[in-house]
Every structure is written in C-alpha cells, then in structure tokens.
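The primary structure of each chain is shown beneath.
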2 protein chains.
Amino acid sequence: MTTDTIHIGYDDLVSLLERIFTRNGVSSANARILAENCAGCERDGSLSHGIFRMPGYVSSLKSGWVDGQAVPEVEDVGPAFVRVHANGGFTQPAFFAARKRVMEKVRETGVCVLAIRRSHHFSALWPDVEPFADEGFVALTVVNSMACVVPHGGKTAVFGTNPIAFASPRDGTFPFVFDQASSAIAHGDVQIAAREDHDLKPGMGVDSNGQPTTDPKAILNGGALLPFGGHKGNSIALMVEILSAALTGGYFSGEFDWSGHKGAQTPYTGQFFIVIDPDRGGDGSFAHRVSQICDLVLEAGQDRLPGERRHATRAKAAEAGIPLSAKNHEMLLALADG
Amino acid sequence: MTTDTIHIGYDDLVSLLERIFTRNGVSSANARILAENCAGCERDGSLSHGIFRMPGYVSSLKSGWVDGQAVPEVEDVGPAFVRVHANGGFTQPAFFAARKRVMEKVRETGVCVLAIRRSHHFSALWPDVEPFADEGFVALTVVNSMACVVPHGGKTAVFGTNPIAFASPRDGTFPFVFDQASSAIAHGDVQIAAREDHDLKPGMGVDSNGQPTTDPKAILNGGALLPFGGHKGNSIALMVEILSAALTGGYFSGEFDWSGHKGAQTPYTGQFFIVIDPDRGGDGSFAHRVSQICDLVLEAGQDRLPGERRHATRAKAAEAGIPLSAKNHEMLLALADG
C-alpha cells in the first residue's frame with residue numbers, strides 16, 4: 001500500500017462510484033444520481049459527504065434498510081406544490097424525479113414547495129439547492145436525520161443534526177450558498193476530538209446523564225450533541241423536524257426503527273424544499289443586490305462567505321483532477337470489484 | 001404620581017392607542033391596525049414591543065420619517081406571489097392590505113410568497129405569523145432592521161437584529177410560534193446591563209474597534225452586537241437581509257438614510273413571508289404530528305416551548321385585563337391628549 005495521492009477526473013470518479021452502487025443493488029438510474037452527488041462532494045472538498053461515506057452507503061444497502069431499486073412516486077398536489085413518496089429509497093432520486101416539475105411550477109407561479117417522504121438522505125444539502133440558484137432561483141431546504149441532539153435544556157436526544165441549506169444567485173460569480181447543521185458541532189468533529197484526546201469548547205454536548213460536558217468521549221458514550229446557539233438554534237432544529245417530517249409525512253429523527261437492519265446508517269426521514277423566483281419581488285435587480293450585501297459583509301471584515309472554499313477547491317479539481325489518497329482509491333476499488 | 005398598577009381591557013387599550021396614532025397623523029385605517037398590533041403585544045406580555053414603543057412611534061411620525069397616511073399598493077405578480085409597495089408607511093397596513101389575497105392563493109396553489117418593500121417595521125413578528133397558523137397554515141417571515149450587528153469575524157455593523165418568526169398549527173392548543181432575533185442579544189438587554197453595571201456573557205458584542213467585549217457600555221458606545229451562534233447565526237442574518245431587502249426591493253439594514261429626520265426610530269426596510277398549506281404534504285395529520293414533536297421536546301426536558309409564556313399571559317389578561325403601571329398609563333394619556 002502506498003501513501004501517495006492520485007488525481008482522478010470527475011467523470012472517472014462518477015463511473016467508479018456508479019459501479020459500487022450498482023454492485024450493491026442500486027438501479028442504474030439511481031446509481032448515476034448518487035454517484036454524481038457523492039463525486040461532487042469529493043470534488044468540492046466537502047469530504048465528510050464524499051467518498052468517506054461510501055462504506056456507509058454500502059453497509060446500509062447490504063442491510064436491506066434502504067431500497068436501491070426504489071422508484072419514487074411524484075404527485076402534483078397543487079399549482080405550486082409537489083410531493084414525492086420515495087418508497088424507501090434515497091432522497092436524491094426522489095428529488096430528481098420532481099425537480100423539473102418544481103422548476104416549471106416556480107416559473108409559472110413564482111414559488112413551489114416540494115415535500116419528499118419515506119426517503120434516506122446521507123449526503124450534504126448544498127448539492128440539492130445550488131443548481132436552483134444556477135437557474136436564477138432562491139432555494140431553501142431542510143432535512144431531519146437521526147436523534148443525536150438534545151433540545152435546549154433537555155436531557156435526551158430528539159433532533160437530528162437537522163441541517164438547513166439556502167442558495168441564492170449572485171451577479172457574475174457562483175451563488176451564495178450555506179449548508180449548516182442545527183447542532184453545535186458535527187458528530188465527526190466530536191470523534192476526532194476523542195481520538196486526539198482534547199476537550200471541546202463548552203456548549204457542544206451533554207453526557208449520558210444529560211449534563212453539559214466538554215469531554216468528547218462522554219458525548220460519544222451515551223451522551224448527545226446540543227443545538228447551536230442555545231434556544232434559538234433549538235427553535236431552528238424543531239422547525240426542521242416540523243417541515244421535514246410533520247409536513248412531508250415522513251418520520252421524526254427519533255421515530256424510525258432500524259434495529260432489524262444491522263449495518264444500517266442512513267436516516268429514514270423526509271426532506272422539504274421551497275424554491276422561489278426572486279425577480280417577482282423587487283425591480284429585477286435581485287442578483288445584483290445579493291452581490292452587494294455579500295460584498296458588504298466581506299468589507300466589514302467577515303473572512304469569507306460560506307461556499308467560497310468549496311468553489312476554490314472545485315476550480316482546482318477542474319484543472320488537476322480530484323485528489324484521492326491511494327488508500328481511499330484502493331478502498332473504492334475494493335468496494336467496486338472486491 | 002402613583003406607583004399602583006391599573007388593569008385595562010384590550011378594547012380600551014386599542015382605543016387609547018388609536019387616539020395616539022391618529023393624533024400624530026396616522027389615517028384611521030392604519031391607526032386601527034397599529035393599535036391592535038401594539039395592544040396585542042402588551043396583552044401577551046411581549047413588553048419590548050408593547051406600549052414601551054409608543055414614544056418611538058410618535059417620535060418617528062413627528063420627524064416625518066414615516067408616512068402615517070400611506071396607502072399600500074398591492075400587486076399580484078403570479079399565481080403564488082404577491083408584492084406590496086408600502087409607500088413609506090408602516091409594514092402592518094401593507095401586510096393587512098395583502099393578507100386576504102395571500103390566504104386565497106395559499107388555498108388555491110398550496111403556498112404563497114409575500115414581499116413587502118419601502119416599509120417600516122417597529123413591532124414583533126409573531127403577530128404577523130400566528131394568525132396564519134390559527135387558519136391552519138404554516139408561515140415564516142423575516143424582516144431586516146437597522147445596522148447594529150457585525151458579521152461573524154467582522155468589525156463594523158452590517159445586519160439589523162434581523163428576526164425570523166415561524167408559526168405552525170398544533171392539535172387542540174395554540175400554535176407553535178417562535179420569533180427570534182438573529183443577534184446574540186437584544187439591544188434592550190444590553191442597555192439594562194449597562195444601567196445595572198454588570199458584564200455580559202462572552203459572544204454578545206464588540207467594542208468600537210470591533211474587538212470582542214463583555215462590557216455593555218463598550219457595545220453601546222460605538223460598538224455593535226454579534227450574531228447568535230457564531231457563523232451559523234451569521235448565515236441566518238445574511239439570509240434575512242437577502243430575503244427582506246434584495247428579494248422585496250427594500251433597503252438593506254445599513255442602507256437607508258434617516259439623518260434628515262431627527263427623532264426617527266423606525267427601520268425602513270422590507271419584509272418577506274412564505275405561507276404554506278401543510279396538509280398537502282403528508283396524510284392530513286400535520287397538526288397532530290406537530291403536537292407530537294412538541295410533546296417530545298418537553299418530555300426530553302426542554303423547560304417550555306416558545307410562545308407558552310405569552311399565551312399564559314394572554315389568558316390572564318382576558319380575565320383580569322392588561323396590567324399597566326400607573327406611570328405608563330399616564331404616559332399614554334399624555335400622548336393621547338397632551
């Protein structure tokens with residue numbers, strides 16, 4: 001085994017990941033969508049949702065917890081409302097099955113809601129919203145996950161990490177996009193702190209008795225995370241449960257039961273979108289105005305906008321290919337052919 | 001002057017506030033809307049937006065900064081999109097001018113966007129969204145205000161306190177509603193800390209050099225507030241600017257110029273709403289499901305839901321009347337008749 005880094009083209013990485021998905025029971029249509037999503041995360045340096053996730057995808061598929069062959073059912077339930085039953089498959093194929101109709105409705109009415117249920121989301125949210133902004137739309141999406149976050153002041157986990165992502169076009173450059181968990185910290189960062197044996201900042205999590213702790217091992221050993229920003233982040237996390245599960249007809253983060261599926265890792269919940277045509281609101285200068293406010297925050301001293309580093313990484317990958325450690329490359333080859 | 005507390009009925013308080021508004025140049029239609037809004041805040045114990053604000057309303061009206069006679073122009077710009085030019089008046093009359101049409105559109109299409117511009121919002125947001133939830137709809141609204149919040153890592157104020165409010169029906173009880181600033185702390189709380197000469201918790205604000213401080217006087221003396229929850233709250237604050245100003249065609253929080261209007265206190269910006277028919281998403285059990293997740297967070301140990309205290313205070317006021325200190329009552333009488 002070598003420790004060198006190889007560089008792989010986006011299309012080649014997509015093909016390799018596709019092979020892994022199809023080999024593990026995913027239909028070819030679904031495999032293509034999932035492979036592009038995962039390769040896009042790796043390309044953008046969004047590594048916690050890149051190829052790092054492939055063993056989890058495979059494990060979940062093998063467990064029978066998620067149906068790789070699922071054919072989503074799209075229902076038109078209003079001039080500005082689409083809903084999808086994902087039939088126990090991944091969210092992204094359900095989303096792609098509805099995406100074109102959603103955009104047609106936004107163009108027609110000015111806004112559209114998309115509610116996806118009975119779906120597994122195991123990736124980042126920015127890949128779902130950024131393409132809407134590329135088309136000139138504003139998009140907001142939320143997804144709940146698996147219970148690992150205690151409510152503010154509470155002792156037992158109810159919420160998932162419950163991310164919220166927002167995308168908006170800007171003039172002359174890539175869209176403004178953020179994608180952030182409503183937990184104070186990512187689970188992966190707690191694991192790293194535990195491995196490196198250093199304490200966390202206060203306010204990140206609680207131990208198994210629901211008491212605040214800075215010890216990452218206490219959080220991992222029966223404890224839970226806290227919402228970001230105290231009671232305000234807590235309200236955001238609860239709103240995400242309401243929109244992603246109550247409104248879509250999906251499961252809450254603490255509700256689904258995967259105990260019969262050893263190896264299952266994917267949260268089985270719902271996802272909610274709002275997509276808006278922003279140019280109906282003002283005087284047609286929307287993208288220009290978003291550029292202005294983004295410039296203002298940078299002039300005020302904010303070091304960078306969310307998504308900036310990602311787009312810089314994407315640009316590098318377009319020139320030099322996507323860097324993969326030889327170890328990770330071998331891991332992928334083993335999953336594809338082993 | 002006495003220090004006793006008097007109790008006043010809601011209708012009597014509305015009449016008294018109406019008199020103050022009309023006396024200061026507000027049209028009778030607009031005065032009624034503003035008086036009900038302000039009396040409702042006082043009734044619910046939402047005191048920072050109750051009669052405490054009346055001197056600010058009067059001062060802003062006298063300065064010529066806000067037009068009490070403004071007639072809002074409602075434009076239907078799509079099957080699911082309404083926009084309103086408030087013509088330099090308060091937001092609430094502009095909102096009420098469009099509210100019925102927005103609800104018709106939600107019933108027709110499943111969702112509606114409302115974009116209000118050139119408007120002054122000087123109250124809480126929950127009175128705007130809670131009535132939608134009473135009708136069975138989910139509503140989200142955001143408003144920007146005046147620059148007093150530095151971006152995360154920045155040194156000069158760009159954002160307003162930029163609140164976000166969300167309302168959702170629940171089964172058998174008042175709606176789930178939150179209404180929270182995207183700043184770490186309210187300006188009023190900094191003023192109280194300065195008066196009582198105690199330090200703030202870290203992370204609330206910066207001094208005039210943009211350096212973090214726990215000294216409330218340093219924040220008030222040329223400093224600024226910070227967003228709640230670090231870079232994540234910062235993203236929310238920026239999203240609020242984009243939706244409330246860029247999308248509506250209104251001003252950013254740091255953009256309007258009131259220097260020619262001595263006594264002006266009302267932010268001249270825009271307000272954005274999304275109103276959704278939640279029952280199109282799932283199986284018709286939406287309100288029941290929201291009750292379930294609210295019960296779950298309380299069972300997990302969260303001490304209360306946002307809005308609970310407000311509804312308890314409202315119930316008390318319905319029985320005993322709205323408590324006013326004699327001093328505040330005299331202040332109102334002076335504004336109405338003096």
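Going by the structure above, here's the rest.
This write-up is about the structure you can find in this document. Note that the structure is a prediction, hence the values are computed from the model and not measured.

1. Things to note about the overall build of chain A
Logical step 1: What chain A contains, in helices and strands, is 11 helices and 12 strands.
Logical step 2: Relative to a compact globule of 338 residues, whose C-alpha radius of gyration would be 20 Å, chain A shows 20 Å and is just as compact.
Logical step 3: Projected onto its principal axes, the C-alpha coordinates of chain A cover approximately 55 × 50 × 45 Å.
Logical step 4: Scored against the burial criterion, the 338 residues of chain A give a buried share of 58%.
Logical step 5: Between the centroid of the 29 positive side chains of chain A and the centroid of its 38 negative side chains there is a distance of 3 Å.

2. Remarks on the side chain of Ser235(A)
Logical step 1: Take Ser235(A): it is sitting in helix 8 (residues 230-246).
Logical step 2: Residue class for Ser235(A) comes out buried when judged on its relative accessible area of 4%.
Logical step 3: Excluding anything up to four places from it in sequence, Ser235(A) contacts Phe178(B), Gln180(B) and Pro306(B).

3. Observations concerning the nonpolar core
Logical step 1: One finds Ile276(A) and Ile276(B) to be the most contacted residues of the largest nonpolar core, which totals 92 residues.
Logical step 2: Apart from the residues lying within four places of it in its own chain, the contact partners of Ile276(B) are Phe81(A), Val113(A), Leu247(A), Phe272(A), Ile274(A), Val106(B), Gly110(B), Val111(B), Phe137(B) and Val138(B).

4. Considering the relation of the copies chain A and chain B
Logical step 1: Superposition record for chain A on chain B: RMSD 0.0 Å, screw rotation 180°, translation along axis 0.0 Å. The transformation just described matches what one would write down for a two-fold rotation axis. Residue Gly229(A) of chain A places its C-alpha closer to the rotation axis than any other residue of that unit, at 1.9 Å.
Logical step 2: Counting the interface residues of chain A, we find that 100% of their copies in chain B are interface residues as well, pointing to one common contact surface.

5. A few points about the environment of Asp76(B)
Residues and elements named next belong to chain B.
Logical step 1: Structurally, the position occupied by Asp 76 is in strand 2 (residues 73-76).
Logical step 2: Separated by 38 residues in sequence, Asp 76 and Leu 114 place their C-alpha atoms 9.7 Å apart.
Logical step 3: Residue contacts for Asp 76: discarding those within four places in its chain leaves Phe 81, Arg 101 and Lys 105.
Logical step 4: Only 2.7 Å separates the side chain of Asp 76 from the side chain of Lys 105, close enough to count as a polar contact.

6. Some details on the packing of aromatic side chains
All names here are of chain A.
Logical step 1: Taken as a whole and assessed by the stated rule, the structure comprises 31 aromatic pairs over all chains.
Logical step 2: A centroid spacing of 4.6 Å and a plane angle of 5° characterise the contact between Phe 95 and Phe 273, whose relative ring orientation is stacked. With a gap of 178 residues between them, Phe 95 in helix 4 (residues 91-109) and Phe 273 in strand 11 (residues 268-276) connect regions that are remote in the sequence.
Logical step 3: According to the relative accessible area criterion, Phe 95 is buried, its value standing at 1%.
Logical step 4: Overall, the relative accessible area of 0% leaves Phe 273 in the buried class.

7. What about the packing of helix 1 (residues 10-23) of chain B against helix 3 (residues 54-62) of chain B?
All names here are of chain B.
Logical step 1: Interhelical geometry of helix 1 versus helix 3 gives an angle of 20° and a closest axis separation of 10 Å. Classified by the interaxial angle, the pair formed by helix 1 and helix 3 is roughly parallel. Helix-helix and strand crossings are classified by hand; for helix 1 and helix 3 the assignment is right-handed. Along its contact with helix 1, which presents Leu 17, Ile 20 and Phe 21, the element helix 3 presents Met 54, Tyr 57, Val 58 and Leu 61.
Logical step 2: Residues belonging to the contact of helix 1 with helix 3 are distributed by class as follows: seven nonpolar, no polar and no charged.

Thresholds, definitions, all that
- Residues numbered from 1 in each chain as written.
- Chains lettered and ligands numbered in written order.
- Predicted model: local features only at pLDDT ≥ 70, side-chain atom pairs only at ≥ 80, totals over all residues.
- Heavy atoms only, no water.
- Helix = DSSP H or I, 4+ residues; strand = E, 2+ residues; numbered from the N terminus.
- Rg over C-alpha atoms; globule rule 2.2 N^0.38 Å.
- Buried < 20%, exposed > 50% of the residue type's maximum accessible area, 1.4 Å probe, protein only.
- Lys, Arg positive; Asp, Glu negative; His and termini not counted.
- Charge placed at Lys NZ, Arg CZ, Asp CG, Glu CD.
- Contact = heavy atoms within 4.5 Å.
- Core = buried A, V, L, I, M, F, W, Y, C linked by side-chain atoms within 4.5 Å.
- Least-squares fit on C-alpha atoms with pLDDT ≥ 70 in both.
- Polar contact = N/O pair within 3.5 Å; in protein donor to acceptor, adjacent residues only side chain to side chain.
- Phe/Tyr/Trp six-rings, centres within 6.5 Å; stacked < 30°, edge-to-face > 60°.
- Axes fitted to C-alpha atoms, helices over the stretch in contact; angles between N-to-C directions.
- Parallel < 35°, antiparallel > 145°, perpendicular 65-115°, else oblique.
- Left-handed = near helix turned anticlockwise from the far one by under 90°.
- Nonpolar A, V, L, I, M, F, W, Y, C, P; charged D, E, K, R; others polar.

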